[in-house]
Amino acid sequence: MVVSTLKRMTIVRDADEFAKRQQALDGRIAPLMQRQPGFVSREMRRDGDDGAMVEITTWQTPDDCRNYLRNGGAAMVATMLDAFFPTAPYPNGNWVRENVEQ
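Notes on the structure in this doc start here.

### Overview of the packing of aromatic side chains
Phase 1: Enumeration over the complete set of coordinates arrives at three aromatic pairs.
Phase 2: Taken together, Phe39, Trp59 and Tyr68 form an aromatic cluster joined through their ring pairs.
Phase 3: A cation over an aromatic ring shows up here: Arg8 above the ring of Trp95, its NZ or CZ 4.1 Å from the ring centre.

Here it is in structure tokens:
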């Protein structure tokens, strides 16, 4: 199994607004993720009150995760994420991804 964690700051800081947008986004992303080979699960949460967002995806193998990241799946999801949760302005808008094999 591989766990891929994406962290970034958004301009959405209100918890209720975050939850509302997350619910709408999850409905759009779920079908796309379920079509990805080796996909196991996806979780997204708010991390603190400063607009931090964390998305965690789990994959069966390192190759499954790598294919998602390199073959367009992750780019499509990132486009949706940024539409629902716009990235915070520079210098706070960094996207950081970490993959850990378990």
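### Side note on the side chain of Asp64
Phase 1: Structurally, Asp64 is set in helix 2 (residues 62-70).
Phase 2: Arg66 is the oppositely charged side chain nearest to the buried, salt-bridge-free Asp64, at an N-O distance of 9.1 Å.
Phase 3: Other than its neighbours up to four places away in sequence, Asp64 contacts Pro37, Gly38 and Trp59.

### Thoughts on the environment of Ala19
Phase 1: With respect to the helices, strands and loops of the structure, Ala19 is situated in helix 1 (residues 15-34).
Phase 2: Separated by 13 residues in the primary sequence, Ala19 and Leu6 have C-alpha atoms spaced 18 Å apart.

### Looking at the sheet that holds strand 1 (residues 2-9)
Sheets are built from strands paired through backbone hydrogen bonds, the pairs being either parallel or antiparallel.
Phase 1: The four strands are arranged 2-3-1-4 in an open sheet whose pairing can be described as antiparallel. Only two strands of the sheet have a single partner each, and these edge strands are strand 2 (39-46) and strand 4 (95-101). The average angle at which neighbouring strand axes cross in this sheet is 15°, direction not considered.
Phase 2: Here seven bridges tie strand 1 to strand 4, and the two strands are oriented antiparallel to one another. When the sheet's bridge partners are listed, Val2 is paired in strand 4 with Glu101.
Phase 3: In this fold helix 2 packs onto strand 1, strand 3 (52-59) and strand 4, with an angle of close to 160° to the strand it touches most, strand 4.
Phase 4: The strands that helix 3 (residues 73-84) touches are strand 1, strand 2, strand 3 and strand 4; relative to strand 4, the one it contacts most, it runs at about 135°.

Here is what the cut-offs are and how they apply
- Residues numbered from 1 in each chain as written.
- Predicted model: local features only at pLDDT ≥ 70, side-chain atom pairs only at ≥ 80, totals over all residues.
- Heavy atoms only, no water.
- Phe/Tyr/Trp six-rings, centres within 6.5 Å; stacked < 30°, edge-to-face > 60°.
- Lys NZ or Arg CZ within 6 Å of the ring centre and 35° of its normal.
- Helix = DSSP H or I, 4+ residues; strand = E, 2+ residues; numbered from the N terminus.
- Buried < 20%, exposed > 50% of the residue type's maximum accessible area, 1.4 Å probe, protein only.
- Lys, Arg positive; Asp, Glu negative; His and termini not counted.
- Salt bridge = Lys/Arg side-chain N within 4 Å of Asp/Glu carboxyl O.
- Contact = heavy atoms within 4.5 Å.
- Pairing = 2+ DSSP bridges.
- Axes fitted to C-alpha atoms, helices over the stretch in contact; angles between N-to-C directions.

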